[in-house]
Each structure stands twice: as structure tokens, then as C-alpha cells.
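Each chain, written out:
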Amino acid sequence: MIEKTYQPGEIEGRISQAWEQAGAFRAGRPDRKDARPYTIVIPPPNVTGSLHMGHALNNTLQDVLCRFERMRGRDVLWQPGTDHAGIATQMVVERQLMERQEPGRREIGRAKFLDRVWQWKAESGGTIIHQLKRLGASCDWSRERFTMDEGLSRAVVKVFVELHRQGLIYKDKRLVNWDPKLLTAISDLEVQQIEVKGSLWHLRYPLEGHTFDPEDPASFIVVATTRPETMLGDSAVAVHPDDERYRHLVGKHVILPLVGRRIPIVADTYSDPEKGSGAVKITPAHDFNDFEVGRRHGLDQISVLDQEARLSLVDNSAYLHGLPEGASALAEELEGMERFAARKLLVARLSDFGFLEKIEPNTHMVPHGDRSGVVIEPYLTDQWYVDAKTLAQPAIEAVRSGATAFVPRNWEKTYFDWMENIQPWCISRQLWWGHQIPAWYGPDGKVFVAETEEEAVAKALGYYAEQEVITAEQGHDMALDPAKREGFITRDEDVLDTWFSSALWPFSTLGWPDSTADVDRYYPTDVLVTGFDIIFFWVARMMMMGLHFMGDVPFPTVYIHALVRDEKGAKMSKSKGNVIDPLHLIDDYGADALRFTLAAMAAQGRDIKLATQRVEGYRNFATKLWNAARFAEMNECALPPDFNPAKAAQTLNRWIAHETANAAREVTAAIEAYRFNDAASAIYRFVWNVYCDWYLELAKPVLTGDDGPAKAETRAMVAWARDEILKLLHPFMPFITEELWAVTGTREALLALTPWPLTINDVVVMPAEVGIGPDFAGAMMPVVQSGDSMDDLRDDAAEAEIGWVVDLITAIRSLRAEMNIAPATLTPLLLVAHSAETTARAARWDSVIRRLARVAEVTQADRVPQGAVQLLVRGEVAALPLKGVVDLAAEKARLDKELAKVEADIKRVDAKLGNADFMARAPEEVVDEQRDKREEAEARKAKILEALERLKSAA
């Protein structure tokens, strides 16, 4: 018995438990041992995370694919797991220690701190997994992995050692994004560009050999900077080689203001003649672009800040080198000063001595740490790097050759732009939580990379014995007694970038580096579903690692979904206060409504503008389905075991079988093409419009009439079509469909394990008996019933008849609505010069047409009388005589007024969209809003013009 009202909160937990108890989502089920595998790896969310709208979209789309393919008989592995999230997790635990007023990380030491992190992970690290289950994610939860678990950690070490052996991992001194609060290098993805209202300082750099005079432009060159505090580390001034103003100065020198260092003027295309003075200061140790200029010209790299972004000058040999006598006084004054305080002092000094030409207000983007919130410093430091350029070449070729394709295809250009300009990948982080780098240092700093400390010790002892640094006897003692080698060899304290372990995710989760049956069966995966923002950070790196270590791409298809924005198109952020919590939506409307909303709006290449009203609307859709199932139950609609829809006798029933087959083909094709919105729209349209609004409505007279063959067949067909709907809708709305499947018949199988309709070689697939217990008793194999092909359900004659009835009634209803004809007003309907076939249809459906179209009678006519409005229905003319019912002249005046208004709206929007200043200044969401307004206005205009055209025919 179906409950009277649909309450998602009451069924979702119970359905989740049923899936779990049945082991419904386990890969490698015995009944699928001969099935083709289908594999997706979840983009592992941070172990510290909570479900946000991006997770909800990403996992909904993955789940649609997995449920779809599972129902098609594939052996589905949706691999779940979480990422250890180095910085985020370390910060959470450090904050916890502080809040509990316990000793901090450095006080308790590395080992005890890591124990506390693991303790936190055990207590709180499963939050997002529970939330994904609430969303309905059908992962094989028995295989959940963690990037720091033992198996994955072994894979990470193996890859590091192997790449180092091949010369593809090395140590180098380069600029990194440095967080002076967290005291670690961070990735570009952890850097947030924030618009800041700052200043542009124009400084006068005296030319060597000239007496500096602030009033004499020939005695100096002007450079502009947003960071005057870094001028202490300048090692050149650059001008464009084609800039005539400075060509005579190239190769000469300037004297660095306040410091006195002599630095060259170099010609480099990095300098833009149209920007500022056309001359730029070059600080290789404090700017990424300057670093490259410095490398091209062999300039000194002078770092003037320490790890905490304080001035470090007094013991800085690079800074002090080449300074005139007495210049160290400034260094002593600035030593240890915070960078922005030093900026104020330096600007004041520059002004005092005439080196400051002017200060301009300047709004520009400044990099901030997304975790710490402080300004990020380009910092010159020794780090571990991967030779990404070498690894990128096969990954580039794989996409060029089509071995891996992006959907939509336009993201391939983004991929190529990044990969073809790839820089060395900094993989070391100055943290404690993460995969500690498997490198050990000898007493002279020599590096020994090995999978274990024992191997590293053996390498080191062998090397130093050979170099006669230690005796054979000392080496023997150290090998046997770890206490005797203490201090002789020390491990690198840094850990690896989180993205390093994530890059191995498609094969490390399957048991690699061991040669496992899972690796052989489930690698490569079938598709990756992810956001565009991590194409470079994750997708590209998985491509590189998969090709290098597995010899094959990790996935043939990469589906890139767009962003979920607020209803106005603005990006969600806590600072704007426009973040929509998916868990709140699940609480209010159910997981199915949220899932369907996201799928229905997931058009390829278009961001989702999410409004709560849309979720509420799809909750209403779920209620509509629920009520339709209750209607079927109340009318005793049940599916006999031997029912064959292809042998239906009633035209109406043949029509719904035909439409069901069409819907199945449409939904299937759309999911296969990753057109999730089209698939959702197709099933929505079929359920709401075709099944509920038309089929059940047209079937009511039969269902409420006398018993007989027609009623029995209709009852069976209502139940059959309902079951097919539940199957087609299940990937999108798994909870309500599973519940209705269970309560509308005696089922041997969970819906999640029931075969998909109409997909295997164009045949109707009927469910076989499926074991639903955790021991998988019973087999679930597709059973193809003889004669149940798609062609058997196709019935053009039934579609022509019922389709005509539906189109006629729809056209009349639309006309009545346009003309504001009251429901109580019944008008006659004229069929003008119709064929005998159509006349016969009209007679068969006369009572239905009169009841549903609100017409008094249906009659024949040779021509359209004056004062009647014409309707063209499937190539034949019908007419509604409206003389005396509608004031046609007044209606035309009203429509003309509406047309003028809508054309003014379009003109107003076009003026905005055609205004270059508006397009340049307006936020993206505002421009999109205007485009949406224009689209809506054009649709309204088309309807008005159609109505006016109809009025002309009545004149």
C-alpha cells in the first residue's frame, strides 16, 4: 500500500540501508563475472570536507552513469575514497589543539602530532562519506580508499623512487608560491586572486655616470612597481628591444636607489612599451615573470625576505654582494621588519631623496592563500620537482590522437594550452601531515632516495665506505645498530604535494604496484567526471602518471561539468552570503529533487544558475509520480507475469507502449552522449506530460467503466508503463523509484539491479530473478523475451490517432488561454474539409475532445466561417467560431500593445549588450541575465505574433 503523501525523509534512510544490506553496489558480483566492467573513480574529496554544491553536481552525474550502466548489466566499480588534504587537515588538528588549550604541534613533536591527526581522522574524517551516501551515491563503499592508507602510500613511494631513478624527479632552487603564515609552498589552486585597491609607485633609478637630479629626466630612468619593498632585490631594469626611447641605454647601468648597487639595463620582450614608462624593475627572487627574465639574462637572484616575509638583509650575502661601503646601515635598520611596514619606510626614504616621482591609485589582483588568508610571496627556495615537460608529451599526444577525448571538446584547447607551456611541478611541502619524501641526507648533504630507510642506509654506507669517509667496520656497526648511525643520515622532513598521490588514484586504488586482478580488470577506467578548475592539477597529472606507469590512458573520456552558481549567475562564496547548502535542500525537498535539478540543468558548457524554486519544482515532480502510482494502485493496476505490451489491442495502450519505447531510446541516447539535461528533460516530459497528463487522463473512462478485456489490458498497461518509468527515472531519482518499485508489486530484485529497458540490441529487457541478500544468492542476468523488440512496440497508427487527439486538444487549450476565454464558456469546434480517417478519429474520441477541450460539439465544415479562428493540427484545419465570444478588435489591440512592449524590452536589452563599456564593466552574471531576458522576450514575441496571425484568419 502506497502512503498517501510522499515524504522523502521517511524513505531515504530505509532505502539506503536496503541497498547496503544487499551489497547492491559491489563490483565483482558473481552474476557479473562475465560482464564488461565499467569503472569510474570518484574525485576524492578532502577528508576535512563537507558536501558542497560542486560535490553534489559532480557525484550526481557520476551516479547517473553508474546506475545506468549497472542496470545495463555492466560490472560497475565506482571507486570511492578521500584525500588526506595536507594543509587543510593539519590546520584543523592544530586549531583543535589550540581550542583545547593543549600543547601545539611543535611542542609535542612530529610523531605525536601525526598520531593526533590519525585520531582526528578516525573520529571525524568520515563526514563527507556519510553525506555522499545521503545524496544516494552508489559507490562500492566496501572498497573505500584513503590517499594515506598503507597501499596507496606504498604506491606513492614506488613512483617517487622510480621517477627519481629516471631523472624525472630532482631538487632545484626556484620560485614557489610561499605562504608566510603556514610556512610552506602551496599550489596555484590554493592561491586566491583578490582584487585590492593599492598603489603604483613610480621610482627614479639614477643612470650610472650621471649626476642624479630629480628635475633632469636625462639623469634617471623611471620604473613603476606595486611592490617597492622588493626593490632591494632588484638585479636589472628591462626595456623592450624595439623601444626607441631606451635603445641607447641597453647594456648600460643604473644605480639602485638607497642601496647603491650597480645593475644593468637589459632588452627583453617582457617589458611592454605601452605600459607605464615602458621600463620595468627586475627582481628575479620575488616575481615569477622576473625569475624567467633573470634566467634569460643570467641575473643575480637576490632574496630579501625570510620565510615569514620579514626583511632579511644583514647576513644575506646575495644582498650584500656588490654594495658600496656604508650601504649596510639600511640593512640593519630594516632587518626583521614586516614586509608592509618596510614598504612604508622605504617609500618615505625614496621620497626624501627625490627617487619617488609619483604615486597612482591602482586596483589590481593580489595573490592570497586560500587557507591562511595572507598575501602569498613568490619565494626562492630549494624544493623537489617533477620534470613535467617530459611526462606531458605522451599525455598531449594521447588527447591529440583521440585516445582520450574531452566532453565538451572545447576543454581540449585549455588542456593543450596548459600542457604545452608546462613548468616543473613543485611537489614538496613544508608540512608534517602527508607522504614524507623518501629521501635521506648524508653528513655532507648527499641525497639517497630509496623506498625504505634500510635501503637508504645501505646505499649511504656503501657510498661513504667507498669514499673512505667511514671504515668498513664503522659501516658494519651502523648497519646492525640504528643507534650508532643516529645523526649520520637524516630523512627529508618535507611531505609531498597532495596532488602527487591523487595523480595515481585510478590505479593505486586497485592495488598497484602489486599485479592484482583488479588492476587488470578495472584499469583503464571508462570516464572521469570532474570540474574544469582541476583539469591541470588533477586530470593532466593522472594522464601523465597513468601513461608512464601503466602504459595506457587512465580514461578514454573526460566529462567536464560547469559551475553551480546562485540564481542570478554569481559564483557562490561565503563572503557574498549566497552559498546554497545541498544538505539543507535534501532536508527540505529530498535528495531526489536536488539530484534531478542538477541533472536537468547540467547542459554541456553552461554554468548552472540554481534557484531553490527549481528544486521545489522537481519535488513537485516527484509528488506527481507518487500520486500517479497511487492512482494506479487505487484502480487495481497490476502487471500480470505473462503480459506483453507489444500485443495490446487497445489503440490507447498501443500508443503508450510506442511512447514508452521512444522515451527509453531518447533517455538512453542522451545519457550515452553525456547530455544529462536532455535525458532528464526527456523522462520529465514523458512522465508528466505523456503518462500522467494524457495517458492516465484518457484511460480514466476505461478504468472506471465496466470490467472486460479492455479494462484488464489497460490496468496491465498502466502498471507496465509505470514500471518502465521507474527504471528510466532511477538513475536520476533513485530513492523514490526504489520505494515505488518495492511497494507496487512483488519484486524479486531491487530496482537498482533490475535491467534497463529497451537497450540491448533494441530489445525489451525484462528483469530476471535477482538475489538481494549480501551473499548475492541468485543470478541477475538480462532475459530477452522473444518478440519484445523496440520495433514490436512501435505503432505509427496508434501514434497518429492518439497524437492527433492530444495535439488538437492542446491547440484548443492554448488558443482559449491566449484569448482569455473563460472555462465555463463552451464553443463549437469545426473540422474543416477533414479526411475520412480524421473524421472517424474525431467520432471515436468525441466525448474526450468535448470534455478536455471545453467545446460544445464537434462538427464538419467545408470552409472556415467568418469570425472563426483557425488551428492547423497535423496538416489539417480546425476552427473555433469566436464571433460573439471574443471581441476580436479589442483582442488585436491588446496583442498589439503587448507586442510593442516586448519589442521595447528587446531594444533596451540590445542597447546594453551592444554597449562596449557595459560589456567590459558588467559582471558575467549580469551580462548572462540580460541575455536570458532577451531570450525570454523573443519567445514571448513569437507567441504574440502567432496569436495575431490567427486573428487575421478570423477577420
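Residues numbered from 1 in each chain as written. Predicted model: local features only at pLDDT ≥ 70, side-chain atom pairs only at ≥ 80, totals over all residues. Heavy atoms only, no water.

(A) Spotlight on the overall build of the chain. Helix and strand content of the chain: 33 helices and 31 strands. Counting only C-alpha atoms and orienting by the principal axes, one finds that the chain spans roughly 110 × 75 × 55 Å. A separation of at least 24 residues holds for 76% of the contacts in the chain among residues at least 6 apart in sequence. Only carbon and sulfur atoms are counted for the fraction: they give 49% of the accessible area of the chain, which is about 42,000 Å². (Helix = DSSP H or I, 4+ residues; strand = E, 2+ residues; numbered from the N terminus. Contact = heavy atoms within 4.5 Å. Areas by Shrake-Rupley, 256 points an atom, 1.4 Å probe, with all protein chains shown as cover.)

(B) Structural context of the packing of aromatic side chains. Under the defined criterion, the tally for this structure stands at 40 aromatic pairs. Their ring planes at 75° and their centres at 5.7 Å tell us that Phe536 and Phe537 sit as a pair that is edge-to-face. Assigned by exposure class, Phe536 and Phe537 land together as buried. Of the aromatic side chains, those joined through ring pairs into one cluster are Phe596, Tyr618, Phe621, Tyr684, Trp688 and Phe732. (Phe/Tyr/Trp six-rings, centres within 6.5 Å; stacked < 30°, edge-to-face > 60°. Buried < 20%, exposed > 50% of the residue type's maximum accessible area, 1.4 Å probe, protein only.)

(C) Geometry of the packing of helix H12 (residues 388-400) against helix H13 (residues 411-420). Where H12 contacts H13, the two axes come as close as 10 Å, and the packing angle between them is 160°. The angle between H12 and H13 places the two elements in the roughly antiparallel class. Both H12 and H13 take part in a crossing whose hand is left-handed. The segment H12 lies against H13, with Lys389, Ala392, Ala395, Ile396, Val399 and Arg400 engaging Glu412, Tyr415, Phe416, Met419 and Glu420. Tallied by class, residues from the contact of H12 with H13 come to seven nonpolar, no polar and four charged. (Axes fitted to C-alpha atoms, helices over the stretch in contact; angles between N-to-C directions. Parallel < 35°, antiparallel > 145°, perpendicular 65-115°, else oblique. Left-handed = near helix turned anticlockwise from the far one by under 90°. Nonpolar A, V, L, I, M, F, W, Y, C, P; charged D, E, K, R; others polar.)

(D) View of the nonpolar core. Residues Phe500 and Phe732 are the most contacted members of the largest nonpolar core, which totals 213 residues. Take this core: its biggest share by element is 16 residues, from helix H24 (residues 676-703). Setting aside its immediate chain neighbours within four residues, Phe500 contacts Val156, Val159, Phe160, Ile169, Val386, Trp425, Ile427 and Met545. Counting 35 residues, the second largest nonpolar core, distinct from the first, contains Leu207, Ile265, Ala279 and Ile302. (Core = buried A, V, L, I, M, F, W, Y, C linked by side-chain atoms within 4.5 Å.)

(E) Representation of the confidence of the model for the chain. Per-residue confidence for the chain averages 91 on the pLDDT scale, and 96% of its residues sit at or above 70. Note that pLDDT drops below 50 for residues 759-787; the model gives that stretch 69 contacts with residues more than four away or on any other chain. (pLDDT = per-residue confidence, 0-100.)

(F) Helix H14 (residues 453-466), seen in detail. Look at H14: 20 Å from first C-alpha to last across 14 residues, which is about the 20 Å you get at 1.5 Å a residue. Among the residues of H14, Ala456, Val457, Ala460, Leu461 and Tyr464 are the ones counted as buried. Viewed along the axis of H14, the buried residues span an arc of 130°, placing them on a single side of the element. Opposite the packed face of H14, turned more than 90 degrees from it, sit the exposed residues Glu454 and Glu466. Structurally, H14 contributes buried residues whose contacts are with strand E18 (439-441), strand E19 (447-449) and helix H15 (472-480). Note on H14: the residue one or two positions beyond its end, Glu468, has a positive phi of about 60°. (Expected span 1.5 Å × (residues − 1). Arc of directions from axis to C-beta.)

(G) Seen up close, the pattern of salt bridges. On inspection of all chains with the given rule, the structure shows 68 salt bridges. Arg72 serves as the salt-bridge partner of Glu672, at 2.7 Å between the closest nitrogen and oxygen. Residue Glu672 is found in helix H23 (residues 651-672), and its partner Arg72 is found in the loop between helix H2 (53-71) and strand E2 (75-79); the two are separated by 600 residues along the sequence. The residue Arg143 makes a salt bridge to Asp140 at a minimum N-O spacing of 3.1 Å. The same class applies to Arg143 and to Asp140, which are both buried. Connected through shared salt-bridge partners, Glu69, Arg72, Arg74, Asp526 and Glu672 make up one network. (Salt bridge = Lys/Arg side-chain N within 4 Å of Asp/Glu carboxyl O.)

(H) Quick look at the environment of Ala348. Residue position: Ala348 is located in helix H11 (residues 339-352). Taking relative accessible area as the criterion, Ala348 reaches 38% and is therefore assigned partly exposed. Sequence separation between Ala348 and Gly209 is 139 residues, and the spatial gap between their C-alpha atoms is 26 Å.

(I) Molecular detail of the packing of helix H20 (residues 582-589) against helix H22 (residues 612-634). The N-to-C vectors of H20 and H22 enclose an angle of 35°; their axes lie 10 Å apart at closest approach. The handedness of the crossing between H20 and H22 comes out as right-handed. Contacts from Leu585, Asp588 and Tyr589 of H20 reach H22 at Thr612, Val615, Glu616 and Arg619. Class assignment of the residues belonging to the contact of H20 with H22 gives a composition of three nonpolar, one polar and three charged.

(J) Examining the sheet that holds strand E31 (residues 876-881) more closely. With mixed pairing, four strands are arranged side by side in an open sheet as E29-E28-E31-E30. Two strands in the sheet have a free side with no partner beyond their single neighbour: strand E29 (855-861) and strand E30 (868-873). Here the strands of the sheet are splayed against their neighbours by 25° on average, with no regard to which way each runs. (Pairing = 2+ DSSP bridges.)

(K) Examining the environment of Pro273 more closely. Within the secondary structure layout, Pro273 lies in the loop between strand E11 (262-267) and strand E12 (279-282). For Pro273, a relative accessible area of 29% puts it in the partly exposed group. Distance from Pro273 to Glu244, taken between C-alpha atoms, is 9.6 Å for residues 29 residues apart in sequence. If near-sequence neighbours (up to four positions away) are discounted, Pro273 is found in contact with His240, Asp243, Arg245 and Gly278.

(L) Spotlight on H12. For H12, which comprises 13 residues, the first-to-last C-alpha distance of 18 Å matches the rise-based estimate of 18 Å (1.5 Å per residue) to within 8%. For H12, the secondary structure elements touched by its buried residues are strand E14 (377-386), strand E15 (405-407), H13, strand E16 (425-426) and helix H19 (535-550). Gly402 sits one or two positions beyond H12 and adopts a positive phi of about 90°.

(M) Here's a closer look at the environment of Ser219. Relative to the assigned elements, Ser219 resides in the loop between strand E7 (191-206) and strand E8 (220-225). On the accessibility criterion, Ser219 (0% relative accessible area) is buried. The sequence separation of Ser219 and Tyr205 amounts to 14 residues, and the corresponding C-alpha distance is 8.6 Å. In this view, Ser219 contacts Pro206, Leu207, His210, Thr211, Phe212 and Asp213; residues no more than four positions away in its chain are not counted. Within the structure, the side chain of Ser219 is placed 3.1 Å from the backbone nitrogen of Asp213, a separation counted as a polar contact. (Polar contact = N/O pair within 3.5 Å; in protein donor to acceptor, adjacent residues only side chain to side chain.)

(N) Spatial organisation of unusual backbone geometry. The linkage connecting Val407 with the following residue, Pro408, adopts the cis geometry, with an omega of -5°. Note on placement: Pro408 falls in the loop between E15 and H13. Phi is positive for Ala833, which is not a glycine, with a value near 50°. By secondary structure assignment, the location of Ala833 is in the loop between strand E28 (827-832) and helix H29 (836-844). Its relative accessible area of 58% is what places Ala833 among the exposed residues.

(O) The sheet that holds E18, seen in detail. The three strands are arranged E19-E18-E20 in an open sheet whose pairing can be described as antiparallel. Looking along the sheet, the strands with just one partner apiece sit at the ends: E19 and strand E20 (490-491). In terms of strand pairing, E18 meets E20 through two bridges, oriented antiparallel. Residue Trp440 lies in a different strand from E20, and its bridge partner there is Arg491.

(P) Here's a closer look at the pairing of E11. Bridge count between strand E9 (residues 236-239) and E11: three bridges; the pairing is parallel. Looking at the pairing, Ala238 lines up with Val266 of E11. As judged from the three bridges shared by strand E10 (residues 253-255) and E11, these two strands associate in the antiparallel manner. Pairing of Val254 across the sheet is with Ile263, part of E11. In this antiparallel pair of consecutive strands, E10 and E11, the connection spans six residues, and Leu258 shows a positive phi of 70°.

(Q) Examining the side chain of Arg70 more closely. Looking at the element boundaries, Arg70 is found in helix H2. The side chain of Arg70 sits in the buried core without any salt bridge; Asp63 is the nearest counter-charge, 5.4 Å away. Excluding anything up to four places from it in sequence, Arg70 contacts Ala24, Phe25, Arg32, Val76, Ser138, Ala752 and Leu753. (Lys, Arg positive; Asp, Glu negative; His and termini not counted.)

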